[in-house]
Amino acid sequence: MGYAIQTNQLTKSYNGLKAVDQVSISIKKGTIYGFLGLNGAGKTTMIRMLLGMIKPSEGSCYIDGKQVVQANPSIWEKVGYMVETPRAYPELTVKENLEIFRRLRLVENKQAVHNVCEQLKLTAYVNKKAKHLSLGNAQRLGIAKALLHQPEILILDEPVNGLDPAGIVEVRELLLDLAENHGITIFISSHLLSEISKTVSQIGIIHEGKLVDEVKAKQLNRLLKERLVIHTRHNAAAGRLLSESGYSWQQNKEGLIESYQPEAIKKPENIARLLTEHQLPPVRLTVEEEDLEAYFLRVITGKGVEQLHGIL
Ligand SMILES: Nc1ncnc2c1ncn2[C@@H]1O[C@H](COP(=O)(O)OP(=O)(O)OP(=O)(O)O)[C@@H](O)[C@H]1O
């Protein structure tokens with residue numbers, strides 16, 4: 001199987017700051033690749049290089065096997081993109097907005113607007129003014145513009161940014177349909193792992209310009225660590241008792257006690273007994289899996305989980 005997108009030691013420096021630092025990735029055709037990083041990690045810079053909008057300082061990138069060189073119009077035929085919050089003419093309908101875009105993109109097929117509306121389930125909204133669309137449908141309209149010329153590759157910068165949970169689900173289902181049923185390769189950037197982990201087949205994590213981890217979505221659950229979550233009526237006293245008894249723990253963002261110590265996780269009954277003997281019976285004592293956001297932060301900071309709670 002060929003690669004839709006490949007980068008080789010791709011680097012972009014701005015006045016000595018490496019916004020993207022030696023990133024090499026390979027994305028198989030028809031898959032969805034999630035590119036994750038905090039704000040300022042280098043995601044947009046990477047996307048701009050993939051689209052030939054800015055020139056790499058070092059390294060190279062390839063779309064469908066062809067090297068991307070700046071201002072090479074041939075890659076636009078293969079690629080559709082949405083690099084910022086999609087803007088539409090608010091007073092015009094969905095159809096009118098798409099029709100303008102069809103002409104701007106020199107798409108000759110007059111059926112293209114109808115086809116893309118069908119594909120994106122926008123047909124029911126074609127006569128609705130853009131300003132009256134839900135956020136999810138406004139995002140669909142943005143993606144529709146990117147798909148008008150039937151590209152094989154779709155590049156989306158933070159496509160779920162600002163969407164409510166229903167809108168996120170809508171976009172997620174749409175992207176899965178495009179990849180699974182239409183063979184489109186999708187590169188999607190985000191700073192929210194949990195939002196895109198359900199959609200993508202592979203995840204690349206970027207931090208300070210560097211690709212710090214790459215995992216298949218299927219492997220993600222296996223990488224998550226377990227922790228024991230403890231809640232009593234007097235967590236401060238319970239925490240002191242645990243420390244005196246040799247347990248390491250920290251407070252989570254809800255004010256509960258958490259321990260990643262294997263002895264605590266394997267034998268929570270010992271902790272339950274200890275707390276009860278000291279009149280601090282637990283009202284909650286559960287072994288839980290680290291959530292995806294915590295995993296993401298653990299990887300990008302390179303710190304132990306214990307230190308992450310200051311950030312979370
Ligand atoms: N044109 C530029 N000139 C100088 N520095 C830049 C330029 N573009 C980006 N940077 C810097 O490069 C780094 C990466 O920025 P980039 O926009 O790629 O990050 P990002 O992951 O997309 O973040 P965000 O989600 O906030 O857009 C940041 O430190 C940013 O300030």
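Everything that follows concerns the structure shown earlier in this document.
Since the model is a prediction, treat every value here as computed from it, not as a measurement.

**Student:** So what exactly am I meant to see when it comes to the pattern of salt bridges here?
**Tutor:** Taken as a whole, this structure holds 13 salt bridges when the rule is applied. We note a salt bridge from Lys 78 to Asp 64, for which the minimum N-O separation is 2.9 Å. Here Lys 78, found in helix α2 (residues 74-78), pairs with Asp 64, found in the loop between β5 (58-63) and β6 (66-67); they are 14 residues apart in sequence, far enough to count as distant. Exposure remark for Asp 64: the relative accessible area of 19% places this residue in the buried category. Here the salt bridges share partners, and the residues they tie into one network are Lys 29, Asp 64, Lys 78 and Glu 152.

**Student:** Any chance you could explain the site of the ligand here in plain terms?
**Tutor:** In the region of the ligand, the neighbouring residues are Tyr 14, Leu 17, Ala 19, Leu 38, Asn 39, Gly 40, Ala 41, Gly 42, Lys 43, Thr 44, Thr 45 and Glu 158. Within the side chain of Thr 45, an N or O atom sits 2.5 Å from an oxygen atom of the ligand. For the ligand, whose unbound accessible area comes to 630 Å², protein coverage reaches 59%. Those elements that provide at least two residues to the shell around the ligand are β2 (17-23) and α1 (43-50). No other element matches the three residues that α1 contributes to the shell around the ligand. Of the residues belonging to the shell around the ligand, the class tally is five nonpolar, five polar and two charged.

**Student:** Can you help me understand the packing of helix α3 (residues 94-104) against helix α4 (residues 112-119) in this one?
**Tutor:** Relative placement of two packed helices is described by the angle separating their axes and the distance separating the axes. Orientation of α3 relative to α4, taken along the N-to-C sense of each, is 125°, at an axis distance of 9 Å. On the basis of their axis angle, the class for α3 and α4 is oblique. Helix-helix and strand crossings are classified by hand; for α3 and α4 the assignment is right-handed. Packed against α3, whose contacting residues are Lys 95, Leu 98, Glu 99 and Arg 102, the element α4 presents Ala 112, Val 113, Val 116 and Cys 117 at the interface. Taken together, the residues of the contact of α3 with α4 break down into five nonpolar, no polar and three charged.

What counts, and where the lines are drawn
- Residues numbered from 1 in each chain as written.
- Predicted model: local features only at pLDDT ≥ 70, side-chain atom pairs only at ≥ 80, totals over all residues.
- Heavy atoms only, no water.
- Salt bridge = Lys/Arg side-chain N within 4 Å of Asp/Glu carboxyl O.
- Helix = DSSP H or I, 4+ residues; strand = E, 2+ residues; numbered from the N terminus.
- Buried < 20%, exposed > 50% of the residue type's maximum accessible area, 1.4 Å probe, protein only.
- Near = heavy atom within 4 Å.
- Polar contact = N/O pair within 3.5 Å; in protein donor to acceptor, adjacent residues only side chain to side chain.
- Areas by Shrake-Rupley, 256 points an atom, 1.4 Å probe, with all protein chains shown as cover.
- Nonpolar A, V, L, I, M, F, W, Y, C, P; charged D, E, K, R; others polar.
- Axes fitted to C-alpha atoms, helices over the stretch in contact; angles between N-to-C directions.
- Parallel < 35°, antiparallel > 145°, perpendicular 65-115°, else oblique.
- Left-handed = near helix turned anticlockwise from the far one by under 90°.
- Contact = heavy atoms within 4.5 Å.

Scope: geometric values only; no functional claims are made or implied.
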